[in-house]
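# Fold and contact review
As a plain string of letters, each chain reads:
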Amino acid sequence: MSESLDVEKLEREVKEVYRDVAESPDEEFHFETGRELAERLGYDPEDLDRVPQAAVDSFAGVGYHFDLAGLQPGEAVLDLGSGSGMDAFVAALHVGDTGSVTGLDMTDEQLENGRRLRDERGFENVSFEHGYIEELPVSDGSFDVVISNGVINLSPEKGRVFEETMRVLKPGGRLAMSDIVSEARMPGSIKNDADLWAACIGGAEQVDEYTSMIESVGLEVEEVRENDYEFTSEQAQGACQKYGVKSIELGARKR
């Protein structure tokens, strides 16, 4: 993490962006939101039909990794940065009534939306908790699977996030996630711009360093693949072209 990045400002910027996503998903952001994006990334339309529509409308993920997760009935799942709740609800469909899904987020408006939609639609196996992905408020070895979608790049302490992921996974547990990475190292003018961090660009790690961080904590990376995700603003597209900023989907396992 660069010492020049104002971490408190970053948290404020991220919360503000995703508060707006929660409350006004039709506004223009650096990134797409909604069902059209979800379907293009690979989500099953039948799954999307079965989860709360408002959660789908506010979806702001960057990939599809449920095939990598291989969720089974009865499993316990943790969603890092659950946002609109759409991934948590989709996961709940796969683990069934005997399984459980915990969504973790630091944005109050997103949590309130998720809880309201859960209660309205009767997703009794889903809970939404306030917390930070660098310091997970859960016990060691609590989960079969950890999922995350476009969130870890927002953290200035990615190594800590993966240490915590390793801690809360059961032996043999899986990590299945989508995130934004880069091919080239970006300059300080981008890395230290809190607005570009909040847009999922400034915090993008070089892909080889990203996978090295995951493996250094004891997780074995089993698959990495790119997808056709695209940012929408000119500023974001410029960074993508110049530094190879892109979306990946990744599957890993606790050794």
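Going by the structure above, here's the rest.
Residues numbered from 1 in each chain as written. Predicted model: local features only at pLDDT ≥ 70, side-chain atom pairs only at ≥ 80, totals over all residues. Heavy atoms only, no water.

Glancing now at helix α6 (residues 86-95). Along an α-helix, residues three or four positions apart point the same way, because every turn accommodates 3.6 residues. By the criterion of burial, α6 is predominantly enclosed, with eight of the ten residues buried. For α6, the full list of buried residues reads Met86, Asp87, Ala88, Phe89, Val90, Ala91, Ala92 and Val95. Of the residues one or two after α6, Gly96 is the one with positive phi, at around 70°. (Buried < 20%, exposed > 50% of the residue type's maximum accessible area, 1.4 Å probe, protein only. Helix = DSSP H or I, 4+ residues; strand = E, 2+ residues; numbered from the N terminus.)

Let's shift gears to the environment of Arg185. The topology assignment puts Arg185 in the loop between β5 (169-182) and α9 (188-191). Sequence-wise, Arg185 and Val207 are 22 residues apart; in three dimensions their C-alpha atoms are separated by 9.7 Å. Residues contacting Arg185, with those up to four places away along its chain left out, are Gln206, Glu209 and Tyr243. A polar atom in the side chain of Arg185 sits 3.3 Å from the side chain of Gln206. Side chain to side chain, Arg185 and Glu209 meet in a polar contact 2.5 Å long. (Contact = heavy atoms within 4.5 Å. Polar contact = N/O pair within 3.5 Å; in protein donor to acceptor, adjacent residues only side chain to side chain.)

This structure, assessed with the given rule, holds 17 salt bridges. Across the salt bridge formed by Arg35 and Glu39, the nearest N and O atoms sit 2.7 Å from each other. In this pair, Arg35 and Glu39 are both assigned in helix α2 (residues 35-41), four residues apart and thus about one turn of the helix distant. Among the salt bridges present, the one from Lys170 reaches Asp144, with a minimum N-O distance of 3.4 Å. Taken together, the positions of Lys170 in strand β5 and Asp144 in strand β4 (residues 143-149) put the pair 26 residues apart, joining distant regions of the chain. Classification of Lys170 as partly exposed rests on a relative accessible area of 29%. Each member of the salt-bridge network shares a partner with another, and the members are Asp140, Arg160, Glu163, Glu164 and Arg167. (Salt bridge = Lys/Arg side-chain N within 4 Å of Asp/Glu carboxyl O.)

Keep in mind that these numbers describe shape and distance, not what the molecule does.
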